[in-house]
Amino acid sequence: EDADKSARFEARVANEERIEPNDWMPAAYRKTLTRQISQHAHSEIVGMLPEGNWITRAPTLRRKAALLAKVQDECGHGLYLYAAAETLGTSREELVDQMLSGKAKYSSIFNYPTLTWADIGAIGWLVDGAAIMNQIPLCRCSYGPYARAMIRVCKEESFHQRQGYEIMVTLSHGTPEQKAMAQSALDRWWWQCLMMFGPPDGESQHSDQSTRWKIKRFSNDELRQKFVDATVPQSDYLGLKIPDADLKWNATTGHWDYGAIDWQEFQDVLAGNGPCNRDRLAARRKAHDDGAWVREAATAYAEKQRARRAA
Ligand code: ACO
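First, a word on scope: everything that follows refers to the structure included in this document. This structure is a prediction, so every number in the text was calculated from the model and none was measured.

Rules used in this analysis
Residues numbered from 1 in each chain as written. Predicted model: local features only at pLDDT ≥ 70, side-chain atom pairs only at ≥ 80, totals over all residues. Heavy atoms only, no water. Helix = DSSP H or I, 4+ residues; strand = E, 2+ residues; numbered from the N terminus. Rg over C-alpha atoms; globule rule 2.2 N^0.38 Å. Buried < 20%, exposed > 50% of the residue type's maximum accessible area, 1.4 Å probe, protein only. Contact = heavy atoms within 4.5 Å. Areas by Shrake-Rupley, 256 points an atom, 1.4 Å probe, with all protein chains shown as cover. Lys, Arg positive; Asp, Glu negative; His and termini not counted. Charge placed at Lys NZ, Arg CZ, Asp CG, Glu CD. Near = heavy atom within 4 Å. Polar contact = N/O pair within 3.5 Å; in protein donor to acceptor, adjacent residues only side chain to side chain. 1 Å grid on protein atoms, 1.4 Å probe; cavity = no way out; pocket = protein on both sides within 12 Å on 5 of 7 lines; lining within 4 Å. Sits in = over half its atoms within 2 Å of the grid points. Axes fitted to C-alpha atoms, helices over the stretch in contact; angles between N-to-C directions. Parallel < 35°, antiparallel > 145°, perpendicular 65-115°, else oblique. Nonpolar A, V, L, I, M, F, W, Y, C, P; charged D, E, K, R; others polar. Points joined across faces, edges and corners; volume = space filled by probe spheres on them. Left-handed = near helix turned anticlockwise from the far one by under 90°.

1. Details of the overall build of the protein chain
At step 1: The helix and strand tally for the protein chain stands at 13 helices and two strands.
At step 2: In terms of overall size, the protein chain behaves like a compact globule, its C-alpha atoms giving a radius of gyration of 21 Å where 311 residues would be expected to give roughly 19 Å.
At step 3: The principal-axis extents of the C-alpha atoms in the protein chain amount to approximately 70 × 50 × 35 Å.
At step 4: Taken over 311 residues, the protein chain has a buried fraction of 46%.
At step 5: Partitioning the contacts of the protein chain with sequence separation of at least 6, the portion at a separation of at least 24 is 78%.
At step 6: Accessible surface, the protein chain: about 15,700 Å² in total, of which carbon and sulfur atoms supply 55%.
At step 7: Between the mean site of the 40 positive side-chain charges and the mean site of the 41 negative ones, the protein chain shows a separation of 5 Å.

2. Details of the site of the ligand
At step 1: Around the ligand lies a shell of 29 residues, among which Gln39, Lys105, Ser204, His206 and Lys216 are the nearest.
At step 2: Glutamine 36 places a side-chain nitrogen or oxygen 3.5 Å from a nitrogen atom of the ligand.
At step 3: A distance of 2.7 Å separates an oxygen atom of the ligand from a polar atom in the side chain of serine 204.
At step 4: Calculation on the ligand without its partners gives an accessible area of 960 Å², and the protein chains cover 90% of this total.
At step 5: When atoms are counted within 2 Å of each cavity's grid points, the one that captures over half of the ligand is the largest pocket.

3. What to know about the side chain of histidine 77
At step 1: Among the secondary structure elements, histidine 77 is positioned in helix H4 (residues 61-86).
At step 2: The class of histidine 77 is buried, set by a relative accessible area of 0%.
At step 3: The contact partners of histidine 77, leaving out residues within four places of it in the chain, are Glu44, Val153, Glu156, Glu157 and His160.

4. A look at the packing of helix H8 (residues 176-195) against helix H10 (residues 220-238)
At step 1: Contact pair H8 / H10: the axes reach a minimum separation of 10 Å and the direction vectors enclose 160 degrees. Relative to H10, the element H8 is oriented roughly antiparallel. Seen from H8, the contacting residues are Leu186, Trp190, Cys193, Leu194 and Met195; seen from H10, they are Arg224, Phe227, Val228, Thr231 and Ser235.
At step 2: In terms of residue class, the contact of H8 with H10 is made up of seven nonpolar, two polar and one charged.

5. Re the layout of surface pockets
At step 1: Looking at the largest pocket, its volume works out to about 1,100 Å³.
At step 2: Along the walls of the largest pocket sit 46 residues, with Gln39, Asn134, Met196, Phe197 and Gly198 positioned nearest its centre.
At step 3: Those elements giving two or more residues to the lining of the largest pocket turn out to be helix H2 (27-46), helix H3 (48-52), H4, helix H6 (117-135), helix H7 (144-172), H10 and helix H11 (263-273).
At step 4: Sorting elements by how many residues they give to the lining of the largest pocket places H6 first, with seven residues.
At step 5: Among the residues making up the lining of the largest pocket, the classes are represented as 19 nonpolar, 16 polar and 11 charged.
At step 6: By volume, the second largest pocket amounts to about 380 Å³.
At step 7: In terms of lining, the second largest pocket is formed by 16 residues, of which the most central are Arg92, Val96, Arg284, His288 and Arg295.
At step 8: Secondary structure elements with two or more residues in the lining of the second largest pocket: H4, helix H5 (92-100) and helix H12 (277-290).

6. A word on the packing of H6 against H10
At step 1: Contact pair H6 / H10: the axes reach a minimum separation of 10 Å and the direction vectors enclose 145 degrees. Of the two elements, H6 crosses H10, and the hand of that crossing is right-handed. Touching Trp125, Leu126, Gly129, Ala130, Met133 and Asn134 of H6 are Leu223, Lys226, Phe227, Ala230, Thr231, Gln234, Ser235 and Leu238, all from H10.
At step 2: Taken together, the residues of the contact of H6 with H10 break down into eight nonpolar, five polar and one charged.

Just distances and angles here, no functional claims.
Next comes the structure, spelled out in structure tokens:
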């Protein structure tokens with residue numbers, strides 16, 4: 001009977017039908033989606049930390065209000081994504097525990113420090129730019145709740161990207177010191193953003209299966225190339241230089257060729273040894289512990305309401 005269900009599932013996916021929470025699905029499909037969606041949720045939550053660092057020091061009230069709204073959006077994205085992951089049968093508490101214990105991954109990019117205000121510009125422009133490139137195709141993911149969550153997330157991300165690019169425009173047209181600050185931020189975030197797309201296709205363990213199941217619509221390398229092609233002209237407009245001596249227009253392929261990525265650095269960050277891994281996890285654990293009383297109060301209140309309704 002399972003073979004029957006499995007064949008029906010594969011046919012539905014092939015036919016571009018959406019799989020919903022109560023539909024039959026292979027255990028491995030459930031597992032890989034829980035993995036990807038929960039890692040995505042953790043990334044949104046940990047991603048609040050590097051930017052939150054600059055809320056109190058934003059240069060104007062307008063910048064501060066925009067950054068505050070943006071960081072709040074990231075929190076909302078995390079909550080949507082935990083809710084989408086929960087529809088696959090693992091509780092949010094369990095997923096959060098996996099992150100806090102260091103068992104679950106979150107995006108490598110959030111293990112780097114934000115040293116100057118220009119980093120807030122670079123994160124919006126490049127990190128959110130890379131996130132959009134990766135997430136627009138996820139709006140067509142075969143799993144309904146994930147695909148639908150991505151629609152709103154992508155709309156908000158595109159606002160974040162413009163917020164960042166506008167900071168870069170202002171700085172790169174500012175004083176020589178401001179321009180140098182913008183260049184330094186680009187220098188420190190460029191390669192790390194290329195790593196966000198994941199290992200090269202040949203080493204991407206989940207890609208083949210996720211592509212067959214229409215979770216992934218483009219490969220890691222395809223999305224990385226799209227990002228480079230879209231970003232080079234934006235960097236030219238800013239008058240900034242991408243820190244890659246091998247970056248060259250290839251008239252034959254119609255793409256920008258780029259230099260070798262330091263995959264050892266990527267592996268080190270994934271292993272927990274990036275510049276900020278320990279700080280990030282420590283900050284999340286502290287926030288979780290400090291919030292224990294809120295969770296207890298909310299649970300007690302819900303219990304009281306339930307008892308009152310039952311009476
Ligand atoms: N940072 C940390 N881990 C990564 C990264 C990265 N940048 N890229 C890949 N990995 C991990 C994978 O999670 C996987 O580990 P696991 O088996 O323990 O789960 C391993 O490296 C091998 O990679 P792939 O086989 O290529 O994994 P996958 O097919 O899942 O592709 C990708 C990785 C592209 C990140 C995919 O999971 C995805 O599209 N996720 C949703 C988007 C997302 O999470 N974005 C977060 C950053 S954007 C933001 O939050 C603003």
